[in-house]
Amino acid sequence: MRRPILLLVLLSLIAGCTSTAGRANPPDEPGRTLGERWQPRPGTPWQWQLSGRLDPAVDVPVYDIDGFHHDADTVAGLHRRGRKVICYLSTGAWEEFRPDAGKFPRAVLGRGNGWPGERWLDIRRTDVLEPLMAARVDMCRDKGFDAVEPDNMDGYRNRTGFPLTAADQLRYNRLIARLAHERGLAVGLKNDLDQIPELVGDFDFAVNEQCAQYGECDTLTPFVEAGKAVFHVEYEVPTDGFCPEARRLGLSSMLKKYELGAWRRAC
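Residues numbered from 1 in each chain as written. Predicted model: local features only at pLDDT ≥ 70, side-chain atom pairs only at ≥ 80, totals over all residues. Heavy atoms only, no water.

Whenever I open this one, the overall build of the protein confuses me. Can you help?
Helices and strands together make up the secondary structure of the protein, namely seven helices and 14 strands. Here the protein, with 267 residues, has 51% of them falling under the buried criterion. Long-range pairs, those at least 24 residues apart, make up 57% of the contacts in the protein with a sequence separation of at least 6. When the accessible surface of the protein is totalled, it reaches about 12900 Å², and 52% of it is carbon and sulfur. (Helix = DSSP H or I, 4+ residues; strand = E, 2+ residues; numbered from the N terminus. Buried < 20%, exposed > 50% of the residue type's maximum accessible area, 1.4 Å probe, protein only. Contact = heavy atoms within 4.5 Å. Areas by Shrake-Rupley, 256 points an atom, 1.4 Å probe, with all protein chains shown as cover.)

Would you take a moment to explain the pattern of salt bridges for this structure?
Side-chain pairs of opposite charge can arise whenever the charged atoms involved come near each other. Enumeration according to the criterion identifies 21 salt bridges in this entry. A salt bridge links D204 to R37, with the shortest nitrogen-to-oxygen separation between them at 3.1 Å. Of this pair, D204 sits in the loop between helix 5 (196-199) and strand 11 (205-209) while R37 is found in strand 2 (residues 37-40), placing the two residues 167 residues apart along the sequence. In this structure D204 comes out as buried when scored by relative accessible area, which is 2%. With its nearest N and O atoms 2.8 Å apart, the salt bridge here joins R124 to D122. Each of E130, D138, R141, D142, R178, E182 and R183 takes part in a single network of salt bridges with overlapping partners. (Salt bridge = Lys/Arg side-chain N within 4 Å of Asp/Glu carboxyl O.)

Whenever I open this one, the state of the cysteines confuses me. Can you help?
Here a disulfide denotes one covalent bond, and it connects the sulfur atoms of two cysteines. Under the definition given, this model contains three disulfides. Linked covalently through their sulfurs, C87 and C140 form a disulfide whose S-S length is 2.1 Å. Between C87 and C140, the disulfide has an S-S torsion of -55 degrees and is therefore left-handed. Of the two residues, C87 sits in strand 5 (residues 84-90) while C140 sits in helix 3 (residues 126-142), which places them 53 residues apart along the sequence. Each member of the pair, C87 as well as C140, is classed as buried. With its bonded cysteines labelled in order along the sequence, the protein shows the pairing 1-2, 3-4, 5-6. (Disulfide = S-S within 2.5 Å.)

For this particular structure, what's the right way to read the sheet that holds strand 12 (residues 230-234)?
Sheets are built from strands paired through backbone hydrogen bonds, the pairs being either parallel or antiparallel. With mixed pairing, the nine strands of this open sheet are ordered in space as 3-4-5-9-10-11-12-13-14. In this open sheet, the two edge strands, each paired with only one partner strand, are strand 3 (46-49) and strand 14 (265-266). The pairing of strand 5 with strand 9 (residues 147-151) spans five bridges and is parallel. Bridging from a neighbouring strand, S90 pairs with D151 of strand 9. Contacting strand 5 and strand 9, helix 3 crosses the sheet at an angle of about 155 degrees to strand 5. (Pairing = 2+ DSSP bridges. Axes fitted to C-alpha atoms, helices over the stretch in contact; angles between N-to-C directions.)

For this particular structure, what's the right way to read the packing of helix 3 against helix 4 (residues 166-182)?
Two quantities define a packed helix pair, namely the angle between the axes and the distance from one axis to the other. It is at 10 Å that the axes of helix 3 and helix 4 come closest, and there the two elements cross at 35 degrees. The hand of the helix 3/helix 4 crossing is right-handed. Only Y172, L175, I176, R178, L179 and A180 of helix 4 make contact with helix 3, whose side of the interface consists of T126, L129, E130, M133, A134 and V137. Tallied by class, residues from the contact of helix 3 with helix 4 come to nine nonpolar, one polar and two charged. (Left-handed = near helix turned anticlockwise from the far one by under 90°. Nonpolar A, V, L, I, M, F, W, Y, C, P; charged D, E, K, R; others polar.)

What is the right way to look at the packing of aromatic side chains in this model?
Each aromatic ring pair is characterised by the separation of its centres together with the angle its planes make. One pass over the structure, following the stated rule, counts five aromatic pairs. Taken together, the ring pairs connect W38, W46, W48, F205 and F231 into an aromatic cluster. Over the face of the ring belonging to W263 we find K257, whose NZ or CZ atom lies 5.1 Å from the ring centre. (Phe/Tyr/Trp six-rings, centres within 6.5 Å; stacked < 30°, edge-to-face > 60°. Lys NZ or Arg CZ within 6 Å of the ring centre and 35° of its normal.)

Please explain helix 2 (residues 72-80) as it appears in this structure.
Quick reminder: α-helices carry 3.6 residues per turn. Residues three or four places apart thus point the same way. Among all positions in helix 2, only V75, G77 and L78 are buried. End-on view of helix 2: buried residues confined to an arc of 160 degrees, all on one side of the axis. Across from the buried face of helix 2, at angles greater than 90 degrees, the exposed residues are D73 and R80. Those residues of helix 2 hidden inside the fold are in contact with strand 4 (62-66) and strand 5. Structurally, the start of helix 2 carries an N-cap: the backbone nitrogen of D73 is 3.2 Å from a side-chain oxygen of D71. Backbone geometry just downstream of helix 2 places G82 in the positive-phi region, at approximately 85 degrees. (Arc of directions from axis to C-beta. Polar contact = N/O pair within 3.5 Å; in protein donor to acceptor, adjacent residues only side chain to side chain.)

Rendered as structure tokens:
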């Protein structure tokens, strides 16, 4: 965030040094800062928009938008509105429409993941994927994002075309978390519910789709208990069918359409 004069910068630094890690956040703040890394707290409202013309006027403290589609000016504009901004990336699947698609060797491309032009990645090949993913996280950092949402992080539970194991997934997910943290960015665990007990300490928040529809929302409570936000969406369950439970669990929940445009209906 830009400051108009040096004095305000110094005052801001002094205030940060005198704060304590355990102090509660004022109600209008979207989280706390751990060192240089943002930490969203449970119940923080959010907007998730991955398609269509970006609507920056939704009155919520957190936006999750596509990292490739938006430039630094867009991120800065959201910051001026008081938003924290999450950089959506696919880290577990290849997408033919990304500008770096040609850098992925065919040997690491597996079966389709159900979306047009996308294929699962062989996450065992960290020798190939680590520099590619590091470059993507560099892009998020350089555009001024506060955090990363790495998608397709549960390949081991799907038919990828590779014999992936739970250990392979843990190793890869921790790699992605490390790449984000080394660049001062927060990072969210996307879905991968079965590995939450092992990974809650490595990630700063969670992003979940349809836990209410599948009766899985209780599995996300380790994040809430750790003081970390769970950003949650449903597509097919009406708000009166999931919001009471979501509020009880401390989730940041809303109803969206599958295309993830600007429309939302929050709990």
